[in-house]
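Letter by letter, the chains look like this.
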2 protein chains.
Amino acid sequence: MKPSIPKGTRDFSPTEVANRTYIINTIKTTFETFGFQPIETPSFENASTLMGKYGEEGDRLIFKILNSGDYLNKVDDKLLAEKDSLKLTSQISEKALRYDLTVPFARYVVQHQNEITFPFKRYQVQPVWRADRPQKGRFREFFQCDADVVGSQSLWQEVEFIQLYDTVFTQLGLEGTTIKINNRKILSGIAEVIGAQDKLIDFTVALDKLDKMGQEKVEQEMLDKEITKEAIEKVQPLFSFTGSNINKLASLESMLQTSEEGTKGVEELRFVINSIAELGLKSANLEVDVTLARGLNYYTGAIFEVAAPKGVKMGSIGGGGRYDDLTGIFGLKDVSGVGISFGLDRIYLVLEELGLFKTVDLPKPKVLFVNFGENEALFCMKAIAALRKNDVKSELYPDSAKMKKQMNYANKREIEFVVLVGSQEIEKQEFTLKNMVSGEQSKLSLRELVNQLKA
Amino acid sequence: MKPSIPKGTRDFSPTEVANRTYIINTIKTTFETFGFQPIETPSFENASTLMGKYGEEGDRLIFKILNSGDYLNKVDDKLLAEKDSLKLTSQISEKALRYDLTVPFARYVVQHQNEITFPFKRYQVQPVWRADRPQKGRFREFFQCDADVVGSQSLWQEVEFIQLYDTVFTQLGLEGTTIKINNRKILSGIAEVIGAQDKLIDFTVALDKLDKMGQEKVEQEMLDKEITKEAIEKVQPLFSFTGSNINKLASLESMLQTSEEGTKGVEELRFVINSIAELGLKSANLEVDVTLARGLNYYTGAIFEVAAPKGVKMGSIGGGGRYDDLTGIFGLKDVSGVGISFGLDRIYLVLEELGLFKTVDLPKPKVLFVNFGENEALFCMKAIAALRKNDVKSELYPDSAKMKKQMNYANKREIEFVVLVGSQEIEKQEFTLKNMVSGEQSKLSLRELVNQLKA
């Protein structure tokens with residue numbers, strides 16, 4: 001039986017690794033240009049660091065690592081007899097695989113607070129693991145690419161993150177993305193105005209479905225959730241919320257004038273919108289979207305989400321926001337943070353669909369030296385050393401196999417050039433270079449060979 | 001209480017990530033120049049893929065992942081009552097963390113054999129996990145950097161791997177490494193000649209201690225292991241095995257002339273030694289070492305190990321060898337493989353000790369713009385956008401905090417340049433650039449600023 005890998009995990013072929021590396025390096029380079037610094041944290045954390053941070057469902061989806069050795073030794077017999085998996089877990093598992101990069105980052109900041117210079121702008125690109133049901137575009141092991149700033153409440157960070165998204169997607173050739181922005185304070189303000197503060201989650205969850213379900217069904221869902229007809233009346237502008245960002249801000253300002261928090265949210269949003277209007281974007285569109293409510297219990301200020309260019313069917317390819325008390329869970333109070341994340345797997349699918357990987361250098365040699373025997377191979381190896389010194393990816397076919405087999409190898413790997421060296425070439429100290437695409441052949445000295453392939 | 005991480009794991013600070021990335025990128029680039037292609041495999045494999053591949057001790061050191069959900073549901077009650085941890089493991093854990101990169105690679109080759117063009121030169125740089133007792137330089141999570149070729153028995157691969165080690169260490173500035181080479185067939189030949197074939201492991205384990213313990217104690221250990229006095233007599237040349245590689249080969253050839261396998265081993269070694277003598281090395285030394293026996297049951301041909309330059313106390317910083325039946329464990333017979341590995345953590349320690357990280361670009365901005373308020377910041381943000389477009393790492397201090405606080409931040413992060421923009425500068429459309437090292441200040445236009453910092 002052929003071996004296999006666990007469901008929800010993936011092997012990456014050389015081409016896939018090259019394409020993924022291209023995306024990751026574009027993101028990393030931009031992070032650094034914007035002044036972010038990389039950190040890395042362990043793949044597994046103490047279970048106590050992760051458990052209880054992602055809600056009950058999150059706890060369930062965290063991969064737990066079995067303790068080593070005789071892990072049952074100290075377990076309560078009664079617990080075993082009852083076969084209570086949930087209760088037993090904490091007794092036989094002390095470590096768990098990272099579920100996201102945010103909680104480990106919060107842990108890092110608290111643990112290393114005396115070594116860090118605040119405001120601390122960090123980025124982190126590492127895999128995370130979730131025992132989710134695998135489906136298209138959702139995996140049990142996947143990479144997150146996060147950048148966060150902690151220790152500053154300045155809204156310039158929000159401005160910078162929008163520029164950062166714009167820069168990365170423009171560099172990837174992905175023009176026409178939409179960066180949606182909202183503010184948690186606006187959502188709270190809306191709830192306040194409609195007098196249904198305890199129903200904020202129900203309200204935003206319903207409002208979030210406006211695009212998919214239409215106004216009538218959303219209103220029905222709100223009514224079902226016991227949001228009053230009068231309340232829904234008060235937010236009618238939200239059901240036809242179009243026009244420029246400036247118009248939207250004006251409409252929100254008037255709707256939320258009685259709410260202090262809502263008014264603060266509009267002010268924050270206005271600062272970001274105006275600054276971006278002054279600074280300009282390369283290829284992205286910035287759009288106020290009051291239905292945006294991702295991770296509502298988490299964010300306290302700005303909320304971001306990025307949609308792929310119109311015409312590409314794909315969920316969000318990035319998201320983030322501000323959280324006023326990131327590190328409180330680990331005992332360091334009042335440290336404000338704001339951050340964004342890039343959805344690597346979805347960005348990959350979008351670039352693939354749009355044919356935007358064509359510029360990526362595939363991990364294959366530029367030239368293959370055909371192997372005609374020991375002497376010829378040694379002669380070739382000297383040339384190969386010279387080429388490699390000039391950063392030309394080169395290889396010798398390892399065996400003096402039949403010519404056809406060696407050429408087949410070159411063709412299958414789509415190697416651009418082949419070098420042929422027989423006894424004649426050795427005598428004349430020259431190399432026959434064949435262009436595998438045009439079929440063109442030429443005889444060259446070592447210096448000519450290096451110069452031609454280096455170009 | 002401050003949060004912590006599991007023992008044997010590490011957080012990496014920005015500087016550490018930068019230094020590690022420098023090493024990894026040097027290795028990866030060289031792998032690609034030599035024609036190797038990257039692959040990646042999942043962090044966890046089916047437990048059945050890993051278990052039984054590393055011996056009993058290895059099985060014990062593999063981190064197992066607890067099944068999700070009600071994992072006790074189907075477990076035999078009797079097993080639970082007996083509290084037999086070992087037997088229970090396979091019933092509550094189907095997945096395990098990668099223990100090395102070689103077994104997952106063998107699994108990959110068998111699983112994807114129809115998509116792969118052989119000979120397949122792959123490299124892989126990923127973390128692995130071992131539940132080992134942590135100690136200096138030994139961690140529970142660490143990176144392996146492997147390159148292997150499968151599907152060719154050509155000894156040119158061995159030659160290339162020596163060149164590859166030489167190239168990487170030379171590029172890292174680590175000159176004077178010693179690449180030790182041996183051949184498993186020579187070890188078998190020695191055992192054959194001394195008539196103690198069943199004692200090969202005992203013999204090589206004892207011989208391996210020659211440097212540390214001296215001849216007398218090694219001979220005593222051999223006698224204790226019931227290797228006869230006569231046998232030890234026959235291999236006396238091995239106890240004073242010095243001189244050039246050519247001399248050593250001659251001595252081995254005569255000692256092993258009655259052993260077919262041993263003679264084959266000497267021939268293989270000679271091919272490699274002679275080829276390298278013809279091709280030359282940049283900074284490494286190649287040294288035949290018959291005490292080299294790492295992972296004896298694994299390798300079938302060449303065995304490699306790299307020692308740091310003399311004067312640096314450190315175990316091996318790399319190793320590898322040839323294994324004639326890599327993929328047999330997964331049902332694909334007779335696929336020969338040869339590979340090497342770089343010990344990232346030890347290389348890091350050596351480079352640090354020798355001060356060889358000084359050329360690494362630290363992940364910090366080249367210039368910090370001091371924030372004097374909203375208008376000034378907006379003016380600065382326009383310049384920052386221009387600088388970033390020219391790949392100059394730049395940032396704005398996010399808050400208009402006291403000058404002293406902002407300058408402290410620049411000093412602590414060792415940022416080279418600071419830009420000061422007040423209302424005067426805005427009026428004149430210029431920037432005051434301060435060199436934080438020399439203290440020098442100059443007033444520049446945007447174009448001059450970009451040109452100066454780009455340089």
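Look up a bit, the structure's there.
Remember, predicted model here, so these are calculated numbers, not experimental data.

Draft legend 1. Representation of the overall build of chain A. Looking only at helices and strands, chain A features 19 helices and 16 strands. At 29 Å, chain A has a C-alpha radius of gyration far larger than the 23 Å of a compact globule built from 455 residues. Considering only C-alpha atoms, chain A reaches an extent of 95 × 65 × 45 Å along its principal axes. For chain A, the residues scored as buried account for 60% of the 455 residues in total. Within chain A, counting contacts between residues at least 6 apart in sequence, those at least 24 apart form 68% of the total. When the accessible surface of chain A is summed, it comes to about 19,900 Å², and 47% of that surface belongs to carbon and sulfur atoms. Positive and negative side-chain charges of chain A, numbering 59 and 64 respectively, have mean locations separated by a distance of 6 Å.

Draft legend 2. Structural view of the nonpolar core. Core analysis: the largest hydrophobic core is formed by 97 residues, its most contacted members being Ile 23, Leu 238, Leu 252 and Phe 342 of chain A together with Phe 369 and Leu 449 of chain B. Residues contacting Phe 369 of chain B, with those up to four places away along its chain left out, are Cys 380, Ala 383, Ile 384, Leu 387, Glu 395, Leu 396, Tyr 397, Val 419, Phe 431 and Leu 449 of chain B. The next biggest cluster of nonpolar side chains, apart from the first, holds 95 residues, and it includes Ala 383 and Leu 453 of chain A together with Ile 162 and Ala 302 of chain B.

Draft legend 3. Representation of the interface of chain A and chain B in the model. The interface is formed by 97 residues belonging to chain A together with 98 residues belonging to chain B. A buried area of about 8,700 Å², summed over both sides, lies between chain A and chain B, and 60% of it is on carbon and sulfur atoms. If you sort the residues of chain A by the area they bury against chain B, Pro 3, Lys 83 and Trp 156 of chain A come out on top, with a joint share of 8%. Joining chain A to chain B, the criterion identifies 12 salt bridges. Considering each element in turn, the side of chain A that touches chain B owes the most residues, six residues, to helix α16 (residues 374–389) of chain A. The residue inventory of the side of chain A that touches chain B, partitioned by class, reads 42 nonpolar, 28 polar and 27 charged.

Draft legend 4. Just empty space enclosed by the protein, in detail. All names here are of chain A. Overall, the coordinates contain three cavities of 30 Å³ or more when judged by the stated rule. Approximately 40 Å³ is the volume attributed to the largest cavity. At three residues, the largest contribution of residues to the lining of the largest cavity is made by helix α7 (residues 156–171). Looking at the lining of the largest cavity, its residues break down into three nonpolar, one polar and two charged.

Draft legend 5. View of the pattern of salt bridges. All names here are of chain B. Evaluation of the coordinates by the stated rule reveals 45 salt bridges over all chains. One salt bridge connects Glu 158 with Arg 322, and the closest N-O pair in it is separated by 2.6 Å. Of this pair, Glu 158 sits in helix α7 (residues 156–171) while Arg 322 sits in strand β10 (residues 318–323); the two residues are 164 residues apart in sequence, bridging distant segments of the chain. In terms of burial, Glu 158 and Arg 322 fall into one category: buried.

Parameters at a glance
Residues numbered from 1 in each chain as written. Chains lettered and ligands numbered in written order. Predicted model: local features only at pLDDT ≥ 70, side-chain atom pairs only at ≥ 80, totals over all residues. Heavy atoms only, no water. Helix = DSSP H or I, 4+ residues; strand = E, 2+ residues; numbered from the N terminus. Rg over C-alpha atoms; globule rule 2.2 N^0.38 Å. Buried < 20%, exposed > 50% of the residue type's maximum accessible area, 1.4 Å probe, protein only. Contact = heavy atoms within 4.5 Å. Areas by Shrake-Rupley, 256 points an atom, 1.4 Å probe, with all protein chains shown as cover. Lys, Arg positive; Asp, Glu negative; His and termini not counted. Charge placed at Lys NZ, Arg CZ, Asp CG, Glu CD. Core = buried A, V, L, I, M, F, W, Y, C linked by side-chain atoms within 4.5 Å. Buried area = accessible area lost by both parts, 1.4 Å probe. Salt bridge = Lys/Arg side-chain N within 4 Å of Asp/Glu carboxyl O. Nonpolar A, V, L, I, M, F, W, Y, C, P; charged D, E, K, R; others polar. 1 Å grid on protein atoms, 1.4 Å probe; cavity = no way out; pocket = protein on both sides within 12 Å on 5 of 7 lines; lining within 4 Å. Points joined across faces, edges and corners; volume = space filled by probe spheres on them.

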